[in-house]
Amino acid sequence: MTRPLLIAAVSATLLGGIAGAWAQTPGTVTPRPLPPLANPNDPNLPAKELFGRATSGAPMEARAFGFYSRGCVAGAVALPVNGETWQVMRLSRNRMWGHPDMMAFLERFAARVPQVSRWPGILVGDISQPRGGPMLTGHASHQIGLDADIWLTPMPRRRLTTEEREMTSAVNMVRTDRRDIDPATWTADHLRVIKAAAQDPVVERVLVNAAIKKALCREAGADRSWLSRVRPVPGHNYHMHIRIRCPAGSAGCRPQDPPPTGDGCGADLDWWFTDAVLNPRPNPNWRPPPPITMASLPEACRQVLVAR
């Protein structure tokens, strides 16, 4: 993406609400099923209305179809809400589903975190819906079961209650001027945890706020080989977004482009702190893109949606 287009994307993000803020929106302890659709076969119906009503994974071979922001997942499994080194947040959203490769990564990463830091474990935010696809609220990506949000708040040494999982917010890592991390909340353990994620061989990207990337560049030390996978994005000051590669056997999965060469620090990172990016001028002609319909998704997603 060119810088003018990226500035436009940042501006659109700010107009629509800071990316990542949705992750901290409280849930509910009394979730209710969505009402049935009057005409689920309407070709103009947004696909999010269909995928948002799926409550279990498609009983098919595990495969990811499409791209991270336009696709679906078959054979998704749910991450157990409690593990020795993880706890799942916002249970009411039912977004703890993903490809088995993502589940294997999360369990491996969660076990690694106490080995490299003082964190007892991780708090897991949204992964994907039971069959992936576009979401009714929040994310543009997370559609093929290969994205996961990890809060930048350590798991406590006790099991959280249902109410705490729905109402607690993660901690903001970024200063109010958005030009650097907040030294009152940022610690060396945050670097160690993000580094551990970026070093896992299946990880394609770790997305964080540019201020967090700045801190990582400053504090990484001699080993900078992992920094190229950590990419700055708007928002993401409460959590990191981890994206893993397309799984073996998922021929219909479109991979992420390789990250640019170099560590992503220096002049390229400085651009994120220019006034044009931090305070973009609103575009009066900007309109939200039309919703994704089933016709816009891979053909296999139709079978994923109806599989019983």
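**Remarks on the confidence of the model for the protein chain**
Right, on to step 1. Confidence along the protein chain averages 93 in pLDDT terms, with 93% of residues attaining 70 or more.
Right, on to step 2. Counting interchain partners and residues more than four positions distant, the pLDDT-below-50 stretch residues 7–19 has 25 contacts.

**Here we look at the side chain of histidine 142**
Right, on to step 1. One can find histidine 142 in the loop between β7 (122–124) and β8 (147–151).
Right, on to step 2. Judged by its relative accessible area of 0%, histidine 142 is buried.
Right, on to step 3. For histidine 142, the residues in contact, after removing those within four places along its chain, are Tyr68, Asp126, Ile127, Ser128, Met135, Asp147, Ala148, Asp149 and His241.

**Quick word on the state of the cysteines**
Right, on to step 1. All chains considered together, the criterion is met by 3 disulfides.
Right, on to step 2. Residue pairing for cysteine 246: its cysteine sulfur links by disulfide to cysteine 253, the two sulfurs lying 2.0 Å apart. Linking cysteine 246 and cysteine 253, the disulfide has an S-S dihedral of approximately -70° and is accordingly described as left-handed. Residues cysteine 246 and cysteine 253 agree in their burial class; the two are buried.
Right, on to step 3. Should the bonded cysteines of the protein chain be numbered as they appear in the sequence, the pairing reads 1-6, 2-5, 3-4.

**What about the environment of alanine 76?**
Right, on to step 1. Residue placement: alanine 76 occurs in the loop between β2 (70–74) and β3 (77–78).
Right, on to step 2. Measuring from C-alpha to C-alpha, the distance between alanine 76 and valine 202 comes to 18 Å, with 126 residues separating the pair along the chain.
Right, on to step 3. Among all residues touching alanine 76, those that are not within four sequence positions of it are Gly57, Trp97, Gly98 and Pro130.

**A short note on the nonpolar core**
A general tendency of soluble globular proteins is for nonpolar side chains to be buried together.
Right, on to step 1. Grouped together as the largest cluster of nonpolar side chains are 61 residues, with contacts concentrated most on Phe109, Ile194, Val206, Ile212 and Met240.
Right, on to step 2. Beyond its immediate chain neighbours, meaning those up to four positions away, methionine 240 contacts Phe109, Ala148, Asp149, Ile150, Leu152, Val193, Ile194, Ala197, Val206, Leu207 and Val208.
Right, on to step 3. Grouped together as the second largest cluster of nonpolar side chains are 15 residues, Phe51, Phe65, Leu297 and Val304 included.

**Comments concerning the packing of aromatic side chains**
Right, on to step 1. Within the structure shown, the criterion is met by 3 aromatic pairs.
Right, on to step 2. Seen from their ring centres, phenylalanine 105 and phenylalanine 109 are 5.5 Å apart, and the 5° between their planes marks the pair as stacked. Here phenylalanine 105 pairs with phenylalanine 109, and both are found in helix α3 (residues 100–116), just 4 residues apart, close to one helical turn. Residues phenylalanine 105 and phenylalanine 109 agree in their burial class; the two are buried.
Right, on to step 3. Each ring, one from tryptophan 271 and one from tryptophan 272, has its centre 5.3 Å from the other, and the planes form 80°; the classification is edge-to-face.
Right, on to step 4. Its end group placed over the ring of phenylalanine 273, lysine 214 keeps NZ or CZ at 4.0 Å from the ring centre.
Right, on to step 5. Stacked on the ring of phenylalanine 67, the Lys or Arg arginine 254 has its end atom at 4.1 Å from the ring centre.

Quick notes on the rules
Residues numbered from 1 in each chain as written. Predicted model: local features only at pLDDT ≥ 70, side-chain atom pairs only at ≥ 80, totals over all residues. Heavy atoms only, no water. pLDDT = per-residue confidence, 0-100. Contact = heavy atoms within 4.5 Å. Helix = DSSP H or I, 4+ residues; strand = E, 2+ residues; numbered from the N terminus. Buried < 20%, exposed > 50% of the residue type's maximum accessible area, 1.4 Å probe, protein only. Disulfide = S-S within 2.5 Å. Core = buried A, V, L, I, M, F, W, Y, C linked by side-chain atoms within 4.5 Å. Phe/Tyr/Trp six-rings, centres within 6.5 Å; stacked < 30°, edge-to-face > 60°. Lys NZ or Arg CZ within 6 Å of the ring centre and 35° of its normal.

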